[in-house]
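# Fold and contact review
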Amino acid sequence: MKPQRVAVIGGGIGGLTAAGVLARTGFDVTLFEATDSLGGKAGTVTVNGLVFDTGPTVMTMPDTVRATFAELGAEDLMPRLERLPLQTHYRYADGREFSCWEDLDRAAESAAALNAADGKGLRAFFADAENVYRAAGQPYLEAPYETMMGFMTRAARNGLGTLFTGLKLSTLDALGKRHFRGPHLRQFVNRFATYAGASPYEANAAFAMIAHIERAFGVHHVIGGLQGLVRGLEAAARRNGVGIELGVKVRHEKRGSGFVVGEREFDAVVVNADPLELQHRSADPLTMSGYVAMFEAPKRLSLPHHTILFAADYEKEFAELAAGRLAEELTVHLCHPAATDATMAPEGKSGLYVMVNVPPFRLGEEAAWQGHARTLEAQLRARLSAMVPELRDVPLSLVAERTPVDLANKGAPRGSIYGYLPHGKFGPFNRPAMRGTDPGVFFAGGGTHPGGGVPLVMLSGRFAAGLTTAHLGGRS
Ligand SMILES: Cc1cc2nc3c(=O)[nH]c(=O)nc-3n(C[C@H](O)[C@H](O)[C@H](O)COP(=O)(O)OP(=O)(O)OC[C@H]3O[C@@H](n4cnc5c(N)ncnc54)[C@H](O)[C@@H]3O)c2cc1C
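Residues numbered from 1 in each chain as written. Predicted model: local features only at pLDDT ≥ 70, side-chain atom pairs only at ≥ 80, totals over all residues.

Helix H8 (residues 183–190) sits mainly inside the fold: six of its eight residues count as buried. Those residues of H8 hidden inside the fold are in contact with strand S6 (86–91), strand S7 (97–101), helix H3 (104–114), helix H4 (116–142), helix H7 (172–179) and helix H12 (314–322). (Buried ≥ 20, exposed ≤ 12 C-beta atoms within 10 Å, placed from the backbone. Helix = DSSP H or I, 4+ residues; strand = E, 2+ residues; numbered from the N terminus. Contact = placed C-beta atoms within 7 Å.)

Our next topic: the domain arrangement of the chain. Splitting the chain by domain gives domain 1 (5–42 + 227–284 + 421–471), domain 2 (121–215) and domain 3 (289–414). The distance between the C-alpha centroids of domain 1 and domain 3 comes to 30 Å. Facing the nine residues of domain 1 at the interface are five residues of domain 3. Per-class residue counts for the side of domain 1 that touches domain 3 are three nonpolar, three polar and three charged. (Domains from an automatic or database assignment. Nonpolar A, V, L, I, M, F, W, Y, C, P; charged D, E, K, R; others polar.)

Within the secondary structure layout, Gly39 lies in the loop between strand S2 (28–33) and strand S3 (44–47). Here Gly39 falls in the buried class, since 25 other C-beta atoms lie within 10 Å of it. On a C-alpha basis, the gap between Gly39 and Gly12 in space is 4.3 Å, while along the polypeptide they are 27 residues apart. Each residue touching Gly39, except ones within four places of it in the same chain, is listed here: Gly12 and Val230.

This next bit is on the sheet that holds strand S12 (residues 264–266). Overall, antiparallel pairing links the three strands, which are arranged S10-S11-S12 in an open sheet. One side of each edge strand has no neighbouring strand; the edge strands of this open sheet are strand S10 (252–255) and S12. Ignoring which end each strand starts from, the neighbouring axes of this sheet average 35 degrees apart. (Pairing = 2+ DSSP bridges. Axes fitted to C-alpha atoms, helices over the stretch in contact; angles between N-to-C directions.)

Another point: the site of the ligand. Around the ligand, the surrounding shell holds 36 residues, and the nearest of these are Gly10, Gly12, Gly14, Gly40 and Gly445. Mapped onto the shell around the ligand, the elements with two or more residues apiece are helix H1 (13–25), S2, strand S14 (289–297) and helix H15 (454–471). Per-element accounting of the shell around the ligand gives the leading share, three residues, to H1. Per-class residue counts for the shell around the ligand are 15 nonpolar, 16 polar and five charged. Each of domain 1 (5–42 + 227–284 + 421–471) and domain 3 (289–414) accounts for three or more of the residues forming the shell around the ligand. (Near = placed C-beta within 6 Å.)

Let us look at the sheet that holds strand S17 (residues 350–358). Strand order in the open sheet formed by seven strands is S7-S6-S15-S16-S17-S14-S18, with mixed pairing between adjacent strands. Two strands lie at the open edges of the sheet, namely S7 and strand S18 (397–402), each paired on one side alone. When the angles between neighbouring strand axes are averaged without regard to direction, this sheet yields 20 degrees. Sheet topology places S14 next to S17; nine bridges connect them, and they run antiparallel. Bridging from a neighbouring strand, Gly290 pairs with Asn357 of S17.

Structure, rendered in structure tokens:
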């Protein structure tokens, strides 16, 4: 009997994962990618011997990555992940600093140096973050979210009391205020909302679980850059028999009991494109976009791997972004991968990835980004030299950049990194569904369940593969 055919639309991490798993299950899988390369938002460029990730730089949940390669039968293709003992170094506008070590004792010591009470506060915050993870995070990440009842049934295993406590939580900002006396650690807590492209003043305190995930499972770097992960997934997909077609933008159409994609017939479809438009939710508010500048430094710097340079007034920054403006003073993510991985820069040089959040653009205003990029470059140079003493006299050359328009060219709606904006208490439960309205269509990727970020998107790909398999009458 001929195997059933599945089309996967989009070669981002979610699409590659779903395609590989489905092919390994025994389906005849074709993956269509609109651009001429795989990986979607997860890219790597090499300029003058310097290797830069252009999207994700922070990898966590290594067990999820490992389990994904295992499900693909491709543990041998998984890139090496290096765990960072100093997860992130924070610099504040008033010149103070906080080192978030994976080791809680060291992190608490650094917090206590900012405010004596905040050392204890940090431990209490991480304990709360762990509780939220166990009550809501684990059941949310364990299976495709289809109904609140299904989620509650899974959550009940860990005790409904904990879940109800979790649901009573208000915003992430309120949680930070509960645990910390000083402004510095409150700002540290608030930053975790940006991992979902959201605002800490609107997102539920449950996003604190990301802080727990980082501390418990580690912050990692992919040796050689994220491209290693994309290549590993591509090789696994091909080895399992996936046919990959690049440079073909396709859509699916219902035909009889199946679908037509790219003029061919399929029994089921996995869509890795952002689901908002296809699920008639284009008017939904969007998460933030991002601008990334990549600089070459003519010497090997001694900066940590990840540094955050906080803006003085975080609330003002988010208000400006929500109003669709570039913030006057920016919070900056500075990534210096040569701190961990010598393969990322030739001897005597360093590459710096510098990212800031910006609003999604308004349709028709794409051209304005040429000017915005120059404004941001000037602002970033000024902030780097004002806040990082080591960079004050280093002539940095801009060698590459990525704007929201580049993200839109990879299918991100108006450049929004994560698509759907999970604000409000039930925000994470209102994500675009994994099931399309036509039976046999499933969604995978950062725009659907369980959300954005590389490991979650891998989970999404595996969930979509499971739902497709069950639909086609196979083993789920
Ligand atoms: C600047 C930046 C920083 C980030 N930092 C981190 C980080 O530190 N850690 C982390 O874990 N995550 C991070 N992320 C998020 C992470 O990159 C994404 O959540 C993840 O890569 C999204 O994967 P996806 O499967 O949703 O596919 P996407 O990357 O969205 O790819 C979708 C693919 O589908 C293709 N496509 C769309 N429509 C069609 C069509 N009609 N036909 C054919 N192909 C189509 C697109 O061309 C694209 O290749 C970051 C993202 C950005 C942009």
